Structure formats: C-alpha cells, structure tokens
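# Coordinate inspection notes
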Amino acid sequence: MSVTVWRGESSSFLVSDEFPEIGGEAPGVTIRRGTLLPVRYNTSIKSLEYRFVADRAVYGSKAAGLHFATVSAAADAKPGEYEFGQLKVKVLDRVLPPPSEWKYFLDLWQHPWAVARVNGVKPFSPEHYAAMEPLWKMLAEAGQKALTVTLVDQPWNHQCYDAYGTMIGRRRDANGKWSFDYSVFDKYVEFGRKCGLGPDIACYTMCPWGYMVDYIDADGRKVRAEARPRKPFFDEYWGDFLVDFSKHLEEKGWLKDTFIAMDERSPEDLAYIAAFVRRVAPGLRIAMAGNRRPSEFKGIDIDNYSQIMHHVDRPFLDEVAARRKEGKTTTYYICCGPARPNTFMSSGPGEAFVCGFYPAACGLDGLLRWAYNSWGEDSNNDMTYSRWTAGDIALVYPDGSPSWRFLELKNGIVAAEKFRILREQGGRDAELDALAAKFDLKNLLEGTDYEGLRRAVQDAVNR
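Residues numbered from 1 in each chain as written. Predicted model: local features only at pLDDT ≥ 70, side-chain atom pairs only at ≥ 80, totals over all residues. Heavy atoms only, no water.

This brings us to the overall build of the protein. Counting secondary structure elements, the protein contains 12 helices and 20 strands. On C-alpha atoms alone, the protein measures out to a radius of gyration of 23 Å, which is about the 23 Å that the 2.2 N^0.38 rule sets for 463 residues. Every one of the 463 residues in the protein was classed for burial, and the buried ones make up 57%. Of all intrachain contacts in the protein linking residues separated by at least 6 positions in sequence, the fraction that spans at least 24 positions is 70%. For the protein, the exposed area adds up to about 19,400 Å²; of that, 49% sits on carbon and sulfur atoms. Side-chain charges in the protein split into 59 positive and 63 negative, and the spacing between the mean points of these groups amounts to 1 Å. (Helix = DSSP H or I, 4+ residues; strand = E, 2+ residues; numbered from the N terminus. Rg over C-alpha atoms; globule rule 2.2 N^0.38 Å. Buried < 20%, exposed > 50% of the residue type's maximum accessible area, 1.4 Å probe, protein only. Contact = heavy atoms within 4.5 Å. Areas by Shrake-Rupley, 256 points an atom, 1.4 Å probe, with all protein chains shown as cover. Lys, Arg positive; Asp, Glu negative; His and termini not counted. Charge placed at Lys NZ, Arg CZ, Asp CG, Glu CD.)

Quick look at the structure:
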C-alpha cells in the first residue's frame, strides 16, 4: 500500500485489513491511525428506516471495523520514499503552504451553543472555550477563512437543536437611546483568531428569518419585535448600531474583515439592507448566499457571494474572474441539496472529495456549507435531526472526532490548493484543463464515478 504527499501536507486514507502492519518513525513524517466507528442515521423521517455507516473517525482506536490513517509530512521533510511496515509513503519535492496561506475560501458555519450544551457548560465561560478550542483548531487546519458570529438571537429561527443566541447585547433606555455590549463578541473573535479561523468575520444577520429581533428595555425586560426592511423600526434598530459597531470594529482593527452576512433572502430585502449598510456604515462589507448571478441583484455590490451548486452555470462563472480582479470572493454552497454530490451520511465514496475539489475545476474561490457542528440530541451515535438529510447538520462529532466525510472534504480542498499551485507554476495547462473538464456539473448532479474523479485528481496533482 502506498501514499503520495507533498511536503507540508496531511492526507487521510482508508487502510485495508489486508495491510494491518503500519508503524515506525521517520524524520518529518508521522502516521496516525484509528477506526471509523459506526454511526446510526435515519434514511427517511416518514419510513423511520435506520442504517449505520462507518464515519466517526476516532484516532487511536483499535476497535474492530473500518480503519484509516493520516500521514503528515513536515514542510522541511526530506523528499523521498519512506517505509512504515506495509505502508510506503512517497514525499514529493513540492511544498504545500500552511492552511492559513491557502487561497481556497472555506466557510463551514460554526455553532458555539451546541458545544456548550453537549459539554454541560455555560456559554462563553472558560470551560466553553476550552471545549471549543480543539474543534475550532481542527477546522482551521482545513483552511477555514470565516468566523461565524451572530448579531441577533435565532437568526435562522430555531432550525437547529440548539438555538443560536446573540453575541452583542442591546439596551434601549426610556428616552430611546441605544447602548451595546461587545464583551462576548470581542472575546469570541479573539478566540477564533487564536485558533486560526478567519480573517473574515461573518455577522448573521440583519435579515433574520421572520424579521424578529430582541433588546432589553429600560425596565430590564427582554423585548422581541419585528424589524422588517423598509419599515421605520428597522432603521431605528439597525442605524445607531451600525454606526457604533463600525467605530468599535475600527478601534479593534477588524473593520476591513467584517461582513454583514445574509442568506437566501428576497432580492428586495437584500437590496434595501445593502443600501442601508453602505449609507450608514460604508466600511462594512456585504456577504450573501443565493441562487442567481451577482449581477442580477440590482443595486447590490456584493463583496463575498456564494451560489447554490445547482445554479453554477456558465453565465454565473463568467462573472467570477472580473469579481476576483475587484478583490471580491465567489464560492458555491451545498446544504440540504443537491442530493449528490454532497457530504450526507448516505453520500457515496468520493462525493465529499469532489465537493472539496470542485471550485478548482470550475474557477471558483471555494466552498460554503452549513453546518460544521449543529449537533442533534446524541450526534455521537445518531446523525439524524429533524427534517434535514442525515449528516447535513455536522461534519464533526461532539466527542471531538472528525467525520470521514470531513477528512475526505479536506483531502479535496488540499487537492484544489495543489491544483492552483500547479496552475500558477505553468507547464501543465493542457493536462489540468483536461482534468477540470471531467467535472461537468450536469454529470456531477446526476451521479457519476466520483471515486474515479478522485483518483484522476490525486494522480494529476501528485506527480
């Protein structure tokens, strides 16, 4: 059995039971082994049909089952071939930069409140930060470029098992004057950056589902009210905040990295909000996810735009290069769809890898996906939650283990970064063009040989 890596790379792969003897040491090259433990999931809420899939990747486990390993080569590892028992590792004389320097834009939404609940700790207590740290660092190692923060309670209603809260406190005194508490926001952003997430700060949202927002009144009572775009209270609720928030961000040195983020809202709402932000707080940037070309959002200058995979067509891709020249980011996203390729519990081999690599093939900047860790009641053992397709809610487990889906997604992201580097170095354009042409969206959505695509990519970038 053999594996090829670049210097600076970590690569995960399945270990056949025919090759159980893997071990030994070599300068600059390490091997971690483990078992993919079975996790239950519901194939259909209506049928209540349950299945099991080997997905929870527990390092150090010697339990019976499907085994895996992760090979890591240091950036200064000596190129050459290494033997670890029955595993041969070939380290190429190419260097993969550290994840913080990857140009691939990865945005997997984090859920701090889920971590607090499963660990039985108070949100944003020292114990909470300690519980989040290994999970957030693992995400940073995949190249995560955005920290998910919340401006309001329940920006997506209560679609997750754990409700999102706000990270910024708001008070309105008897005279209608607003004041804001940034203590949780500041500490969380500092923590996220310490873990390696960012630099972007994605703030959800000025357009929550249902338009409902909260604040504390002069008597200390929590008030829940509707702040609908184009209504007077919207301007009142958000105007003073945006001015104060921008000033605070400027003082912290974070203004240029902060985005007002919105997803799947009506064009009319988005246009009003974007114009409002540009007028009141021009230093803030706009991030959006939707299902049409950026140019079709009339009057909205979108700094970071993500397109649902179904709608990644040629007219959309034709706008990407011009946006990149303007310093704007353009990605695609998957969530409860498409049926394939995706990172569901039921997704077939190669699908997660293909999702990670796809932006390189079609010229996009990266991938957005909810959700990194929006766990259900007992997600260590059952990845089913509500109406969502099993696995949609999380790519990691409450015990801190990655899923095999996450490790394969990361492999695809690494391959995409290698593809970019080889493109920039030149000399193999025809070969790389032919590889990219294999990623026809119609074939991907209808079902294709995803494992074959993975092999083709790995062969091309590891020569």
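As a further point, take helix 2 (residues 126-140). Between its terminal C-alpha atoms helix 2 stretches 20 Å, which fits the 21 Å expected from 15 residues at 1.5 Å a residue. The sharpest bend along helix 2 reaches about 35 degrees and sits at E133, with the proline P134 one to four residues further on. Taken together, the buried residues of helix 2 touch strand 8 (105-108), helix 1 (112-119), strand 9 (146-150), helix 3 (183-195) and helix 9 (404-425). (Expected span 1.5 Å × (residues − 1). Bend = angle between axes of the 7 residues up to and from the residue.)

Across all of its chains, the model carries 36 salt bridges by this definition. Among the ionic pairs, E9 bridges to K418, the shortest N-O distance being 2.7 Å. Here E9 is found in the loop between strand 1 (2-7) and strand 2 (10-15), whereas its partner K418 is found in helix 9, with 409 residues between them in sequence. Looking at K418, the relative accessible area reads 1%, which means it is buried. The salt bridge partner of D257 is R193, with a shortest N-O separation of 2.9 Å. Of this pair, D257 sits in the loop between helix 4 (232-252) and strand 16 (258-263) while R193 sits in helix 3, and the two are 64 residues apart along the sequence. For D257, a relative accessible area of 7% puts it in the buried group. (Salt bridge = Lys/Arg side-chain N within 4 Å of Asp/Glu carboxyl O.)

Next up on the list: the environment of A140. Position of A140 relative to the elements: it lies in helix 2. Residues contacting A140, with those up to four places away along its chain left out, are P99, C195, G196 and L197.

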